[in-house]
Amino acid sequence: MSTTEFIPSGRTSLVNRNGTALQIQTEYAYRPYPRVTTTILDEGRVLHKVEKKLEKCVDSPEEQAAMEEIIKHQHSQVMLLVKDQKPEKVASTQTQRIRVLTEPTFKSELKAITGVERVFFLDKGGAFENDEDAINFKKYFPSLFKGLTDLLEMFMRLPGAEVNREIGVLEIKKDRLYFISSGFSFAFAITVKKEEQTNFEKIFKDLIDPSPLG
């Protein structure tokens, strides 16, 4: 499909800093290369830019929704910098590569994490990826299977967006079982506890919500 079919919505805000109204604009562009740029302006004069290169163009509804979350995050972070610091001290143009989390990358990267023994994937409605997984999960965790609907509701619905659940990680059994919401799907991750402590909760959170500014 054409890259022009999936253009994430940008953001514009006014921030008052020492009596000066600064305009903050964050937007996605795919030419000459895919990127998200936040621009700080004073009466139309560009003061600073924060630019993040993307690995690829946005080319699906899921990637568009995910990119809008990245835009929202980057925009809010720059606004905080402008509010807390003098404009001239805001970081100059930065260029880093960031990725868009899609369902395929979520699945492949989650399974590849060291210490993850097994993963059960569910769609955004709570249906298991296949019948075999549903049968096995019900066998191993009957109480969780019975209360799955209530568990899904731990992650708030986001009306009007393709990514229709908030993202997050629930540690159900310490160092052993986690429930993860990527926004567009869910996963139960069974982990292997080693002698050297691994903070799986943080690893999973970093996977589904990487910081666009760091």
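What you see as residue numbers is a count from 1 along each chain, following the sequence as written. Side-chain atom pairs in this predicted model are given and counted only at pLDDT of 80 or more, local residue features only at pLDDT of at least 70, and totals for whole chains, interfaces and linings cover all residues. To get the side-chain values, all heavy atoms of the structure are used, and hydrogens and water are removed first.

Time to look at the overall build of the protein chain. Numbering goes from the N terminus for both helices and strands, where a helix is a DSSP run of H or I of at least four residues and a strand is a run of E of at least two. Secondary structure assignment for the protein chain yields 6 helices and 9 strands. Burial here depends on accessible area, computed with a 1.4 Å probe over protein chains only, as a share of the maximum for the residue type. Under 20% is buried, over 50% is exposed, and the range in between is partly exposed. For the protein chain, the proportion of its 214 residues judged to be buried stands at 42%. A contact between two residues is defined here by any heavy atoms of the two lying within 4.5 Å. The contacts in the protein chain between residues at least 6 apart in sequence include a share of 53% that link residues at least 24 apart. Accessible surface, the protein chain as shown: approximately 12,100 Å² in total, 48% of it carbon and sulfur. The protein chains shown are the only cover counted for residues, whose accessible areas, like all others here, come from Shrake-Rupley with a 1.4 Å probe.

For the rest of this paragraph, the subject is the side chain of His75. Here His75 lies in helix H1 (residues 61-84). Residue His75 is classed as buried on the basis of its relative accessible area, which comes to 2%. Nitrogen and oxygen atoms within 3.5 Å of one another constitute a polar contact, given that in protein one can donate a hydrogen and the other can accept it, and given that sequence-neighbouring residues count only through two side-chain atoms. In this structure the side chain of His75 is engaged in a polar contact, spanning 2.7 Å, whose partner is the side chain of Thr26. Beyond its immediate sequence surroundings of up to four residues, His75 is in contact with Arg11, Thr12, Ser13, Ile24, Gln25 and Thr26.

Before going further, it helps to spend a moment on unusual backbone geometry. In this structure, Pro32 follows Arg31 across a cis peptide bond, with omega equal to 0°. Positive phi values are uncommon outside glycine, yet Glu43 reaches one of about 50°. Summarising the element assignment, Glu43 is placed in the loop between strand E3 (35-42) and strand E4 (45-54). A positive phi is found at Asp175, a non-glycine position, where the angle reads about 60°.

Attention shifts here to the nonpolar core. Core analysis: the largest hydrophobic core is formed by 17 residues, its most contacted members being Phe106, Leu110, Ile180, Phe204, Leu207 and Ile208. Only helix H2 (103-112), strand E6 (116-123), strand E8 (177-181), strand E9 (185-191) and helix H6 (200-208) provide two or more residues apiece to this core. Tallying contributions element by element places H6 first for this core, with 4 residues. Residues contacting Phe204, with those up to four places away along its chain left out, are Leu110, Ile113, Val116, Val169, Tyr178, Ile180, Ala189 and Thr191. Counting residues in hydrophobic clusters, the runner-up holds 15 residues, among them Phe137, Leu152, Phe155 and Phe179. Only buried residues count toward a nonpolar core. Its members are Ala, Val, Leu, Ile, Met, Phe, Trp, Tyr and Cys residues joined through side-chain atoms within 4.5 Å.

Turning next to the confidence of the model for the protein chain. Residues at a pLDDT of 70 or more form 84% of the protein chain, whose mean pLDDT is 82. On a scale of 0 to 100, pLDDT captures the predictor's confidence in every residue. Under a pLDDT of 50 for its full length, residues 86-97 has, in the predicted model, 31 contacts with residues more than four places off or in other chains.

Sheet strands associate in pairs through backbone hydrogen bonding, adopting either a parallel or an antiparallel arrangement. Strands are labelled as partners when DSSP assigns at least two bridges between them. Strand order in the open sheet formed by 4 strands is E6-E9-E8-E7, and the pairing between neighbours is antiparallel. This sheet does not close on itself; its edge strands, each paired only once, are E6 and strand E7 (168-173). Taking each pair of neighbouring strands and ignoring which way they run, the sheet shows an average axis angle of 20°. Of the strand pairs in this sheet, E8 and E9 are connected by 5 bridges, and their pairing is antiparallel. Bridged to Leu177 within E9 is Ile190. Here the axes come from fitting lines to C-alpha atoms, over the contacting stretch only for helices, and the angles between their N-to-C directions go from 0 to 180 degrees. In the packing of H2 onto the sheet, the strands contacted are E6, E8 and E9, and the crossing angle to E6 comes to about 160°.

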